[in-house]
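Close look at the chain arrangement
The chain contents come next:
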Amino acid sequence: MSSLIPFDESCHPSSLPAPSGSSTVPLGSQPNQNQPGAGRRHIDKNQMIIQILKEKSASRGHSSSDPNRNHPVNDDGVIKFDAFKSHSVRVFPLSHNASFDGVLQRLINNIIADGFTIYDKSSKSSQKMIAFDMEWDHDFRFRKPRPTSIIQVAGKTKVLVIKLAALPTWHQRILPNSIFDLLSSTDVIKFGVGISGDARKLSQDRFFTQSGYHVYLSAIMELNHVVKSVDEIAMLEIESGIYSLQRLVCRYLEEFLYKPAVWRSSNWEAVELSKNQLDYAAADVAAAIRVYQKLLLLPGYDKNFIPPITYWDPRQFQAKSRSKSRKSKAQKPPPQVV
């Protein structure tokens, strides 16, 4: 049995030992030029968000670094989003050879119990709702994504980071039943930004349970759909697109969610997560929770509002994929005879 710390104990990255070979990237530092894509010219989204926050602060006539505001600020004078301020964070498993029978299920149950409760008066039924995200590495040699290696879920006060790559059967594409039950459950809504892409990626990974069931993500909700439903101004700005989570945090929390590319493209299959990786993973789901809580307070929010939920069917996706494949092959011109 793994020696797991209880939920109420602090698990801030600053209190965790840095694993060997990992490096802590200072806030605002630029990625290594040797990193893939580092030489490309692109807009620095972090600097863009900082500029927006500065303009918001200036329009109110005071600085975000006002000492009367009890929030940590970075060198640019904007409030940093800190997942560990609002959530307790657990990582599972803590050791590579940890036994996880029953332990993971209890941790997942704690997250579900900590989630939002959605009650449907018409059907007199209720569902729980939690934030969801996942991470994976990219194989630059073969130019394709690696299997999902990290899953993050969060309730109102708790975050659970599941290191799939540290599970003994991950390399065989076999996941525990507790993860399958969580992902496929229609009683637990999973929400986030771009979550339909996560569902598609997870289906393409072709994970299975010991019993041979295909692992898939169902009962999902796009956070931007809620934004468009309760915020008319945002609906006009977004139109058919979506806001990134970083933009949503900036808009509704007026905080800076730091998301450097060098953290996003780090080694998520490592046995031990670095401080930066844990901060990045926890912040994604904790930020989604806090944004949703903010949306509940907007004047446009209706207490009877039922969020738009998508129930994913992996068989339907596979059928569409095969149909597209056959269509693309049929449209290919015949080979030229030379």
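First, a word on what this report is: a plain description of the structure on this page. (Residues numbered from 1 in each chain as written. Predicted model: local features only at pLDDT ≥ 70, side-chain atom pairs only at ≥ 80, totals over all residues. Heavy atoms only, no water.)

**Some remarks on the nonpolar core**
- If you look at the biggest cluster of nonpolar residues, it comprises 54 residues, and the most contacted ones within it are Phe81, Val161, Phe191 and Tyr292.
- Examining the composition of this core, we find that 13 residues originate from one element, helix 10 (residues 275–295), more than from any other.
- Aside from chain neighbours lying at most four places away, what touches Phe81 is Val249, Leu253, Glu255, Phe256, Leu257, Ala283, Ala286, Ala287 and Arg290.
- Counting 33 residues, the second largest nonpolar core, distinct from the first, contains Leu107, Phe132, Leu175 and Val188. (Core = buried A, V, L, I, M, F, W, Y, C linked by side-chain atoms within 4.5 Å. Buried < 20%, exposed > 50% of the residue type's maximum accessible area, 1.4 Å probe, protein only. Helix = DSSP H or I, 4+ residues; strand = E, 2+ residues; numbered from the N terminus. Contact = heavy atoms within 4.5 Å.)

**Side note on the pattern of salt bridges**
- Applying the stated criterion across every chain, the model contains six salt bridges.
- Between Arg251 and Asp231 there is a salt bridge; the shortest N-O distance is 3.4 Å. Within this pair, whereas Arg251 is found in helix 8 (residues 245–253), its partner Asp231 is found in the loop between helix 6 (223–230) and helix 7 (232–238), the two being separated by 20 residues in sequence.
- For Asp231, a relative accessible area of 11% gives the class buried.
- The class of Arg251 is partly exposed, set by a relative accessible area of 22%.
- Bridged by salt links that share partners, the residues Asp231, Glu237 and Arg251 form one connected network. (Salt bridge = Lys/Arg side-chain N within 4 Å of Asp/Glu carboxyl O.)

**Brief notes about the packing of aromatic side chains**
- Under the defined criterion, the tally for this structure stands at seven aromatic pairs.
- Between Phe256 and Tyr258, the ring centres sit 5.8 Å apart and the planes meet at 50°, which makes this aromatic pair tilted.
- Given the relative accessible area of 3%, Phe256 is considered buried.
- The exposure class of Tyr258 is buried, given its relative accessible area of 12%.
- These aromatic residues form a ring-pair network of at least three members: Phe116, Phe191 and Tyr292.
- Just above the ring of Phe207 sits the side chain of Arg173; from NZ or CZ to the centre is 6.0 Å.
- Taking NZ or CZ as reference, Lys201 lies 4.8 Å from the ring centre of Trp136, over its face. (Phe/Tyr/Trp six-rings, centres within 6.5 Å; stacked < 30°, edge-to-face > 60°. Lys NZ or Arg CZ within 6 Å of the ring centre and 35° of its normal.)

**Re the pairing of strand 2 (residues 116–120)**
- Note: strand 2 against strand 3 (residues 125–139), five bridges, orientation antiparallel. Paired with Asp120 across the two strands is Ser125, which belongs to strand 3.
- A loop of four residues connects strand 2 with strand 3, the two strands running antiparallel in sequence, and Lys124 in this loop sits at a positive phi of about 55°. (Pairing = 2+ DSSP bridges.)

**Digging into unusual backbone geometry**
- Put simply, Phe92 and Pro93 share a cis peptide bond, and its omega is -10°.
- Tracing the sequence through the fold places Pro93 in the loop between strand 1 (88–92) and helix 3 (103–113).
- Even without being a glycine, Arg143 presents a positive backbone phi close to 55°.
- Here the phi dihedral of Ala219 falls at roughly 55°; this positive angle occurs in a residue that is not glycine.
- Judged by relative accessible area, Ala219 falls into the buried class, the value being 0%.

Purely spatial values, then, with no claim about function.
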